[in-house]
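Structure at a glance
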Amino acid sequence: MTVKALRAIPSGGKNGLGAFILQCKKLEFHYCDWAGSSKGMNGFIKSLLPRFAAANPQIEFSISPRPGKHPVLTGHYINGRTKPICVRNLSPYEILEKLELLRDASGEKLKRTNKAVTSTKPSVRGIWSPYHGKGMIV
Amino acid sequence: MKGIRPSRWGGQLLHARSSPATIPRRNFLASTVRCQSTVQEPAEDLIDQIPEEGETLPRKLPSPLPEKALQSAKLAALHSRLSLSKKIPLQTLARALVTPSADPNSSFNNANLAFLGSTIINYHVAEYITCKWPRLPMVIHYEALRAFSGPESLAQISRRWGVEAAAAPGEEVDPGLLQWTSNSGPLVGTRWGGYVRAETDRKHSFYRRGMSSRVVLDSDFGDAVDAGSVEDAHQHNHDTSFSSFVQAVVGAIYSHSGREAAKDFVESHILSRQVDLSSLFEFQLPTRELAMLCAREGFEPPLARLESETGRHSRTPVYVVGIYSGKEKLGEGNAPSLDYARRKACMNALKSWYLYSPGNKVRVPSDMMEEGAKPWKAPHIDIGEVI
Amino acid sequence: MDVRTLSRPATQLLKTTRQTLPLTTSRGHKTTARTKRALKIAPHDSFLPSRSQPFPAADHIIYNPPSSEASPEHTPFIFLPANDPRREAIQRMRLASPEALGSVAGAASPEDDADLPPAMSYPRRRAQYNLTEDDMAEMRRLRNEDPLTWSTNALSKKFNCSPIIVSIAAPAPAEHKKWLEEKAERRRERWGPIKTQAREDRGRRAEMLYRGEI
């Protein structure tokens, strides 16, 4: 006759509801000293990267040469996915734009939202049921 | 100064050592000797294992040195991602990432911080649940506590913070990785609140472990402390290790930044999660329980009334039954048969009794500890469970 | 018929041939936008605020209960504790304007008995405290003497009480219970696979109901 309890499945954390955790945890930079496509990247690393890294202390930055290849930016996210972007022949400011794109992304695959509202809370007025209510004369 | 044996010098000086990495790792599996240990070392048999001064250790430490914490990018990123105050040093966070299974030395692992943090977390979550749902049965209270701050939930929280585990613990591991291992069997924390019951041994096994005794004797979540057989020990150890990091962070915040900062952290990371309590109930005889509740509270005996039906011979009938106490409606349920609809209505009525809540923003006792707190108004205190 | 027409059988109806008349579905217009515009209806007066005075623009709240099942988070009126402010508010509303409230669990004013839905008939406890000690002793004597003739139902009819009370006050001797259990067991063994499965499903369905899954 007593009430028993069922084990709850852990879920229900909403990023940003209480505290916000930036989803991008690591950014990798690959550059090349010889390739012409990496000129923008090299300039970026020398000029714009220090300030960007200081402004985003939550992200781990890893810079390493990759000789003979195009420059690549890779973002690593908390959900385990990565987003690589090849930044060949881009200027430093264009690379900064790509970097901001990586930083602001969550790791999820790009998905089209058809509905205006996505929510886990049940509807306020409940789902309409034909068995309740007195009906409305239209 | 320990006895020097010049005859042994030759072997060490002859090897060309350019970096610590080329030190031959003799006796890899032998017991490690910690030079930072405060325990007095037995002098005789370890004398030739103690390195000369100025030499790097030939033995592998179980966890990285605290000084390495200042050079880890992962650790600094984690510190900033959690928006921790500058009062909390990186070395403390590095220590919070080392679990007792990786390093048994309690001066270098997170056991004490985790214990401190777990008491703070469980206190805040328990007072929140008690004040927000004053009539919740004790079993559901325990499950709600587990849903907010149990090992599985905290492990999920720490993974969502971006905490990764090292493949195996050791001193060369990046200090920003969680260090744990599953080799030492299921981790049972007998120190962390609760007692090993007398009836776990065979001669007292007939003793019934009821709810009240669980409140007094068992752990914070109502589990028996002496786990006995834990199915899926690996998953259990994984969850325990990851959750110990979250607890250790709260402990570190309390130690360095104070009580209010720790409470704010618990509220924003743990209490902001959404937990649906109405799905945790499992009833046994809801009709009898509702009748006893009405008798206890002095309401009229509950009576089921058929609100609407699709018809007795419908192919897929729906009956909507409402439970009334006199003229007041207590609950409603719908089902394909009359009996099930009545039972569901009783369950919904009981849930609406147990899930009564004074509101969304409830005051908790720890609110009174801030300065300028308004006078405390007594919340509703429930008489207890129906049966 | 090719596969595409088979997968959408309704389109066969819409194909116009020289012999058949064009069939248009009566559901909508040629475009979605036209259909939406055609189905638009003005909101019911109960949804609109009263425009009788410009200021204050709204001096009352429109109460429009939804046509849906109430969730357990809505506490019925009598379940509210005495110190809850909602209790006084609902009581005030019931006294002031009972007709303004709808018929929702939380806010309904007590109606007459005739307005309530019809009561269901199901096995209910109707307690009559009419058994004396002598009755119970007699019950026990009869039960022990001949449990087969003096079954629970027979005794309940004789003493005008419920069979549950008989089973509490005058339990059968142990060997009679064992015999009954064995009889039931023999009957269960004669069931075929369909009946066994059906009974098992019944039990599992009840468990799922109590766990809230059904």
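The structure displayed is predicted, hence computed values, not measured ones.

Here we take up a positive patch on the surface. Taken together, the side chains of K14 and K121 of chain A together with R159 and R160 of chain B make up a positively charged region of the molecular surface. Counting through the fold element by element, R160 of chain B comes out in helix 6 (residues 151-160).

Residues and elements named next belong to chain C. Examined at the domain level, chain C breaks down into domain 1 (130-172) and domain 2 (174-214). Each of domain 1 and domain 2 was reduced to a C-alpha centroid, and the two centroids are 27 Å apart. In this assembly, four residues from domain 1 lie in contact with four residues from domain 2. Contact between domain 1 and domain 2 buries roughly 340 Å² in total, counting both sides, with carbon and sulfur atoms accounting for 71%. Contact with domain 2 buries surface across domain 1, with P147, L148 and A172 losing the most and accounting together for 90% of the total. In this structure, the connection of domain 1 to domain 2 is made through zero salt bridges. One can count zero residue pairs in polar contact (both at pLDDT 80 or more) joining domain 1 with domain 2. Its residues assigned to classes, the side of domain 1 that touches domain 2 shows four nonpolar, no polar and no charged.

Listed per partner, the contact involves 33 residues of chain C and 44 residues of chain B. When chain C packs against chain B, the two sides together hide about 3400 Å² of surface, and 59% of this comes from carbon and sulfur. When the buried area of chain C at its contact with chain B is split by residue, F79, M120 and Y210 of chain C rank highest and sum to 24% of it. Along the contact surface separating chain C from chain B lie one salt bridge. Here R94 of chain C makes a salt bridge to E328 of chain B, at a shortest N to O gap of 3.0 Å.

A word on the environment of E289 of chain B. Mapped onto the elements of the fold, E289 of chain B is located in helix 10 (residues 286-297). On the accessibility criterion, E289 of chain B (0% relative accessible area) is buried. It is 7.3 Å that separates the C-alpha atoms of E289 of chain B and I387 of chain B, two residues lying 98 residues apart in sequence. If we skip the residues at most four places from it in the chain, E289 of chain B touches M1, T2 and V3 of chain A together with F283, L350, Y354 and V386 of chain B.

Further remarks concern the confidence of the model for chain C. Residues and elements named next belong to chain C. In the predicted model, chain C carries a mean pLDDT of 82, and 76% of its residues have values of at least 70. Confidence scores differ between elements of chain C, with helix 1 (residues 3-7) showing the lowest mean pLDDT of 43 and helix 9 (residues 193-210) the highest of 97. Segment residues 1-14: pLDDT under 50, and seven contacts once partners within four positions in sequence are set aside and those in other chains are kept. We note a pTM of 0.81 for the whole complex and an ipTM of 0.94 for its interfaces.

Cut-offs and rules
- Residues numbered from 1 in each chain as written.
- Chains lettered and ligands numbered in written order.
- Predicted model: local features only at pLDDT ≥ 70, side-chain atom pairs only at ≥ 80, totals over all residues.
- Heavy atoms only, no water.
- Patch = residues over 30% accessible without salt bridge, like charges linked within 9 Å, V, L, I, M, F, W, Y side chains within 5 Å.
- Areas by Shrake-Rupley, 256 points an atom, 1.4 Å probe, with all protein chains shown as cover.
- Salt bridge = Lys/Arg side-chain N within 4 Å of Asp/Glu carboxyl O.
- Lys, Arg positive; Asp, Glu negative; His and termini not counted.
- Charge placed at Lys NZ, Arg CZ, Asp CG, Glu CD.
- Helix = DSSP H or I, 4+ residues; strand = E, 2+ residues; numbered from the N terminus.
- Domains from an automatic or database assignment.
- Contact = heavy atoms within 4.5 Å.
- Buried area = accessible area lost by both parts, 1.4 Å probe.
- Polar contact = N/O pair within 3.5 Å; in protein donor to acceptor, adjacent residues only side chain to side chain.
- Nonpolar A, V, L, I, M, F, W, Y, C, P; charged D, E, K, R; others polar.
- Buried < 20%, exposed > 50% of the residue type's maximum accessible area, 1.4 Å probe, protein only.
- pLDDT = per-residue confidence, 0-100.

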